[in-house]
Amino acid sequence: MQVRNGILAAVGNTPLIKLDKLLDQPKFDLYGKLEFLNPGGSIKDRPATQMLLEALERGKIDRNTTIIESSSGNLVIGLAQACAYLGMKLICVMDINSTVTNRQIIRTYGATLDLVEKPDPITGGFLQARIRRVQELLDRIPNSFNCNQYANTDNSLAHHQTMGEIATVLDNGVDYLFCATSSCGSLRGCAEYIAQKGLNTHIVAIDAQGSVIFGDEPKKRLIPGHGASRVPELFHPDFASTHLLMSDFECVTGCRRLLEREAIFAGGSSGAIVSAILKFQSQIPAGSTCVAIFYDRGERYLDTIYSDRWVNEHFGNLAYSRYATKSQQEIAVN
């Protein structure tokens, strides 16, 4: 790890807490890795800082380089934070599915926002359209650089530390790690650390329905930052012991359960992980030790996951469904 100063020194070493209330009559121990407590609000602070500092150290870029990156939000927020501290220029290529909150955060850091408004005509997704736009900007702007989170092994290298922190705290071993997929940096990094240290940890990868990472048919997804419309170069199917595909609705219900039961205000992929654990728990042997990674802050989803109006528009009245939390059912009755 590089020597880090200022705000960048606060990246990593996030809390790992015992989750006592999430499950009904649990037969195993469950912990949550609170990655949203990174200073930029998500686990993406780790690879953003790692990729940028490594590129500087190797002489690939200098302080006058313009960084150009594609992201739905969290990665470029991490880069915006790092670039603001280092005094570097950043162009964030996002699309219209990105939240207004994320765009405002990026602008507040002083980065430039380049918004892609039309999906890729072949894949129907925005990821390939954003990547094409990044290349156009790289060709046009001298001394520019793309970190390329989907292929950059410094992304996954940053998550050796993530898994290392977990393994250090739970020194008796981790039996199951629940890990979401997008760029696949955390999936690969944790898997590499587990393999290198000879740990007996099974990774359960959580992907989105409509994401192509594990071969599902591509379709529109409502939750940004979970899944992908192309298979990242960092991905390999052997990194996970098994995988589960979760719907946008399950992201919503998982997030709301996590908030109501544990008072943890987290983002969409965290909700997918919660719902996945509920589905998978019968396959977990009694006495196991499990860890769920909670990736980003819930504030970035106030207009979507935590908005009853948005939820009702896309999924119907949640309060009357069998997925409603206790407080939502009480509101419906009253």
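Quick note: structure is the one above.
Here the structure is a predicted model, which means the values were calculated and not measured.

Asker: For this particular structure, what's the right way to read the layout of surface pockets?
Answerer: A probe matching the size of a water molecule, rolled over the atoms, marks out where space remains unfilled. Volume-wise, the largest pocket comes out at about 820 Å³. Split into classes, the residues belonging to the lining of the largest pocket amount to 15 nonpolar, 26 polar and eight charged.

Asker: Would you take a moment to explain the sheet that holds strand E8 (residues 202-208) for this structure?
Answerer: Taken in spatial order, the six strands line up as E1-E2-E10-E7-E8-E9 in an open sheet, and their pairing is mixed. Since the sheet does not close on itself, it has two edges, and those belong to strand E1 (16-18) and strand E9 (242-246), each with one partner. Looking at each pair of strands side by side, their axes are set apart by 25 degrees on average, direction ignored. Running over the sheet, helix H6 (residues 185-197) touches strand E7 (176-180), E8 and strand E10 (289-294) and is turned about 175 degrees from E8.

Asker: Can you walk me through the pattern of salt bridges in this structure?
Answerer: A pair can form between side chains of opposite charge whenever their charged atoms are brought close. Summed over all chains, the structure comprises 17 salt bridges. A salt bridge links Asp24 to Arg257; its shortest N-O distance comes to 3.9 Å. With Asp24 in the loop between E1 and strand E2 (29-34) and Arg257 in helix H7 (residues 248-262), this pair connects stretches of sequence that are 233 residues apart. The exposure class assigned to Asp24 is exposed, which follows from its relative accessible area of 53%. For Glu233, the salt bridge is made with Arg230, and the minimal N-O distance between the two is 2.7 Å. Under the relative-accessibility criterion, Arg230 is labelled buried at 19%.

Basis of the calculations
Residues numbered from 1 in each chain as written. Predicted model: local features only at pLDDT ≥ 70, side-chain atom pairs only at ≥ 80, totals over all residues. Heavy atoms only, no water. 1 Å grid on protein atoms, 1.4 Å probe; cavity = no way out; pocket = protein on both sides within 12 Å on 5 of 7 lines; lining within 4 Å. Points joined across faces, edges and corners; volume = space filled by probe spheres on them. Nonpolar A, V, L, I, M, F, W, Y, C, P; charged D, E, K, R; others polar. Pairing = 2+ DSSP bridges. Helix = DSSP H or I, 4+ residues; strand = E, 2+ residues; numbered from the N terminus. Axes fitted to C-alpha atoms, helices over the stretch in contact; angles between N-to-C directions. Contact = heavy atoms within 4.5 Å. Salt bridge = Lys/Arg side-chain N within 4 Å of Asp/Glu carboxyl O. Buried < 20%, exposed > 50% of the residue type's maximum accessible area, 1.4 Å probe, protein only.

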